[in-house]
Amino acid sequence: MTQDNKTSADYAATLLRVSSGVLFLAHGLLKVNVFTIAGTVGYFESLGLPAVLAYLTIIAEIGGGLALIAGVAVRVVSLALIPVLLGATWVHSANGWLFSSEGGGWEFPLFWVAAQVAIALLGAGAFALRVPALNRVLGQLA
């Protein structure tokens, strides 16, 4: 599809993809720059989770955020980020529903799951970096 044939749905998909990517990038960088990697690992361990999940979460949030912003492998990336969000939903579940609750509630990460499903269904939209070889490898899911 050429740029001239883009529809409002393509632009809406782009807005959702890029804004979600920016949020993932921000959350990943928050874990690195503010909480620190060691602090994030310690927090995961305090929840009874293995340290490796902290590292994987940081990589998923930063790498996934960048991929969404660029529009690379969007469907696969958005689906791969859902387990991270379900984990965040679990972590925040004891804090109540509203994310404005102390420690944050579970409404935001669960909504973000729905957004990732929407992105997976919509695809990359407009202004996405198309990587034909990657698309072939991923079975045209990107």
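Below is a short write-up of the structure. Every value quoted in this text rests on a predicted model; they were computed, and no experiment measured them. (Residues numbered from 1 in each chain as written. Predicted model: local features only at pLDDT ≥ 70, side-chain atom pairs only at ≥ 80, totals over all residues. Heavy atoms only, no water.)

Turning our attention to the overall build of the chain. The number of helices and strands found in the chain is seven helices and zero strands. Ordering the α and β elements of the chain from the N terminus gives α-α-α-α-α-α-α. What you see for the chain is a C-alpha radius of gyration of 16 Å, in line with the 14 Å of a compact globule of 142 residues. Expressed along its principal axes, the backbone C-alpha trace of the chain runs to roughly 50 × 30 × 25 Å. Out of the 142 residues in the chain, the part that is buried amounts to 35%. Summed over all atoms, the accessible surface of the chain reaches about 7,800 Å², with 72% contributed by carbon and sulfur. When the 6 positive and 6 negative side-chain charges of the chain are each reduced to one mean point, those points stand 16 Å apart. (Helix = DSSP H or I, 4+ residues; strand = E, 2+ residues; numbered from the N terminus. Rg over C-alpha atoms; globule rule 2.2 N^0.38 Å. Buried < 20%, exposed > 50% of the residue type's maximum accessible area, 1.4 Å probe, protein only. Areas by Shrake-Rupley, 256 points an atom, 1.4 Å probe, with all protein chains shown as cover. Lys, Arg positive; Asp, Glu negative; His and termini not counted. Charge placed at Lys NZ, Arg CZ, Asp CG, Glu CD.)

Position of serine 78 relative to the elements: it lies in helix α4 (residues 74–80). In contact with serine 78, not counting residues within four places along its chain, are Leu68, Gln116, Ile119 and Ala120. (Contact = heavy atoms within 4.5 Å.)

Following the criterion strictly, the structure yields five aromatic pairs and no others. Consider the rings of phenylalanine 108 and tryptophan 112, whose centres lie 5.1 Å apart with planes at 40 degrees: the pair is tilted. In this pair, phenylalanine 108 and tryptophan 112 both sit in helix α6 (residues 107–122), four residues apart, roughly one turn of the helix. Tryptophan 112 sits in the buried class, given a relative accessible area of 6%. (Phe/Tyr/Trp six-rings, centres within 6.5 Å; stacked < 30°, edge-to-face > 60°.)

This brings us to unusual backbone geometry. In most cases, non-glycine residues show a negative phi, while peptide bonds are predominantly trans. Of note, the phi angle at threonine 36 is positive, near 70 degrees, even though the residue is not glycine. In this structure, threonine 36 sits in the loop between α1 (8–33) and α2 (37–46). On the basis of relative accessible area, threonine 36 is assigned to the partly exposed category, the value being 35%. One non-glycine residue with positive phi stands out, namely phenylalanine 127, at about 55 degrees. Relative to the helices and strands, phenylalanine 127 resides in the loop between α6 and α7 (132–137).

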